[in-house]
Amino acid sequence: MASTVSPSPATGTPGPPEMSERIRNAADISVIVIYFVVVMAVGLWAMLRTNRGTVGGFFLAGRDMVWWPMGASLFASNIGSGHFVGLAGTGAASGIATAVFEWNALLLLLVLGWFFVPIYIKAGVMTMPEYLKKRFGGQRLQIYLSVLSLFICVALRISSDIFSGAIFIKLALGLDLYLAIFILLAITAIYTITGGLASVIYTDTLQTIIMLIGSFILMGFAFAEVGGYESFMEKYMHAIPAVVEGDNLTIRPECYTPRPDSFHIFRDAVTGDIPWPGMIIGMTIVAAWYWCTDQVIVQRCLSGKDMSHVKAACIMCGYLKLLPMFLMVMPGMISRILYTEKVACVVPSECVKHCGTEVGCTNYAYPMLVMELMPDGLRGLMLSVMLASLMSSLTSIFNSASTLFTMDLYTKIRKQASERELLIAGRLFIVLLIVVSILWVPLVQVSQNGQLFHYIESISSYLGPPIAAVFLLAVFCKRVNEQGAFWGLIIGLLIGLFRMISEFAYGTGTCLAASNCPTIICGVHYLYFAMILFVISIAVILGVSLLTKPIPDVHLYRLCWSLRNRTEERIDLDADEQRQEDAADDADEDDPGETPGCLRRAYEAFCGLQRKGPKLSKEEEEAQRKKLTDTSEKPFWRAVVNVNAVVLLAVAVFAHGYFA
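Below, the structure is looked at part by part. As the structure is a computational prediction, the values presented were derived from the model and not from experiment. (Residues numbered from 1 in each chain as written. Predicted model: local features only at pLDDT ≥ 70, side-chain atom pairs only at ≥ 80, totals over all residues. Heavy atoms only, no water.)

**Structural notes on the packing of helix α11 (residues 276-293) against helix α12 (residues 295-302)**
The contact between α11 and α12 brings their axes to 5 Å, and the two run at 40°. If you check the angle between α11 and α12, you find them oblique. On α12, the residues that touch Y290, W291, C292 and T293 of α11 are Q295, I297 and V298. Class assignment of the residues belonging to the contact of α11 with α12 gives a composition of 5 nonpolar, 2 polar and no charged. (Axes fitted to C-alpha atoms, helices over the stretch in contact; angles between N-to-C directions. Helix = DSSP H or I, 4+ residues; strand = E, 2+ residues; numbered from the N terminus. Parallel < 35°, antiparallel > 145°, perpendicular 65-115°, else oblique. Contact = heavy atoms within 4.5 Å. Nonpolar A, V, L, I, M, F, W, Y, C, P; charged D, E, K, R; others polar.)

In structure tokens form, the structure reads like this:
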């Protein structure tokens, strides 16, 4: 099954790895074409049946989503092509422990649905920076978090997803990496820019179904090829490449031999690649930032019909998050067994020959499996799965980043902006985001020893803990004030950036050559670093808050846990700066008497910039506001979701115990 790579004669640089058979047959091409047609049809259907002409309709799907598309969208937004490439690659390199990054979400999804979302809904916010503004007052926290979140979108999410998706297209179609990236983004941007959140959630639901079907089929083929589970465990421990010498390097056995603890998730606290204390505490801190305070995730929950639907969506996503161990990590390990010379290559010149990069080819583990194992037609289905995972997470990120920019930054620049102007600004911002993300891709390619998932988790550990600390204290400790939150975020960010920039400057090193980064800076494992950073941030936030004046309760009703059920009117800290909706409500700048032409009407319908319906009365506006901040539940459904939450926790404990 192994195949070779020939250098391109014109340049002498390696071309893409040659597969035994690229996607050139009618069956594969038909499946991919059908996939794109169905996705675009679902996107258009969702686009036309939902109200995209208002900010709430475009960014929150009118708060009318039921639990199953919301749960599917939570899963699809999180599982990008970065997971297929990254989890499988890290699994191929070091075993099953990387799956715990996924299982960690089971607890945090319940914390999100039961504790954080009720506060966000009662606060009546659309974005996370907007919550900080209401909770603490002032502008600087809102602007700071918006800018940092947008940076994280580029540095972490979009670039890693683009890179991993393009690896697949490069292998399958033989396209240049950057041409593949361009084609992907053009398709994805169309229905995000035009459709809004409802369109994204419905297409996510379709993508989830395609992802699960395709990856279950591939898992079946992989285990059949390797001879079942027992055979898989035995063969993985002997998957050692034949070429382990060359390039005048002395290569230590641990660089190419599978780890002795490959089939354990709890690993040594000092020598483990994912040490167990870091996994239990550090990983939970990073997961709290991602699942409970990240705009992409929370925005899906804010679109829910009511609290029971939100909680049910969190439970559904939790069950789906159990699957990556079996659908991605283990197939990645099987890929190492079947294509040992390529996937486990260790000599830099061999790796360049196989995949064009010196730091290793583990990122090619899953794509190799797809291209070599799957028969005609199913190979096209699996490429569709990769595109589905890539596009679902990208559309979610684009929509949420656009929400952050529009609601938290643009409204600061243009205080009197009409709703129509905000919608256009949000859409144009997506285009800018795409350009910046493409420029970031080369950094992703070489970081963290070529293991994409370690890159994603390490950057999260440097930037996420201070944000997790601020939100945790904002919700559960009413004594925390704006000064404490601000200085906690700034000091946490400076420490995290110092570590991140040091790693980029010195390199993270490989098994063959250690990094020159001083041990005092880079010697601490990134999960331990997350724990230290979290504790420092908490200490700064509480210390500064206790030395300065507290915020009176009248400003905090329904904004923190202890005051969540207060019914008195809240006086917002920024009441004097509220955007004057009425003054800005010149949504239609054209002469009201002028009737637009057919082309203009078609353009506005496509982009969701339709003229508004009749103006709502005061009573109707009040009723609508009440609906948007209502967290009540029917007793029967509350009991049902609570019982399911307990069952999910029991399943999580069993899974950890079984593979420990």
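**As for the environment of L556**
Counting through the fold element by element, L556 comes out in the loop between α23 (526-547) and α24 (581-584). Owing to a relative accessible area of 0%, L556 belongs among the buried residues under this scheme. Residues within four places of L556 in sequence aside, it is in contact with R135, K478, I551, L563 and R570. (Buried < 20%, exposed > 50% of the residue type's maximum accessible area, 1.4 Å probe, protein only.)

**With respect to a nonpolar patch on the surface**
A grouping of F266, W276, I280 and I281 is seen on the molecular surface, where their side chains present a nonpolar patch of about 360 Å² in accessible area. Relative to the helices and strands, I280 resides in helix α11. (Patch = residues over 30% accessible without salt bridge, like charges linked within 9 Å, V, L, I, M, F, W, Y side chains within 5 Å. Areas by Shrake-Rupley, 256 points an atom, 1.4 Å probe, with all protein chains shown as cover. Salt bridge = Lys/Arg side-chain N within 4 Å of Asp/Glu carboxyl O.)

**Some thoughts on the packing of aromatic side chains**
A full pass over the atoms with the stated rule returns 25 aromatic pairs. The interplanar angle of 75° and the centroid separation of 5.4 Å between the aromatic rings of Y120 and Y131 together place this pair among those described as edge-to-face. Within this pair, whereas Y120 is found in helix α6 (residues 105-123), its partner Y131 is found in helix α7 (residues 128-136), the two being separated by 11 residues in sequence. With centroids separated by 6.0 Å and ring planes inclined at 20°, the aromatic side chains of Y131 and F471 adopt a geometry described as stacked. Taken as a pair, Y131 in helix α7 and F471 in helix α20 (residues 452-476) lie far apart in primary sequence, 340 residues in all. The exposure class of Y131 is buried, given its relative accessible area of 0%. Over the face of the ring belonging to F529 we find R499, whose NZ or CZ atom lies 5.1 Å from the ring centre. (Phe/Tyr/Trp six-rings, centres within 6.5 Å; stacked < 30°, edge-to-face > 60°. Lys NZ or Arg CZ within 6 Å of the ring centre and 35° of its normal.)

**Overview of helix α10 (residues 229-236)**
Looking at α10, one finds that the buried residues are S231, F232 and Y236. Take α10 and look down its axis: the buried residues cluster within an arc of 125°, on one side only. In α10, the exposed positions angled more than 90 degrees off the buried face are occupied by E230 and E234. (Arc of directions from axis to C-beta.)

Keep in mind these values describe shape, not function.
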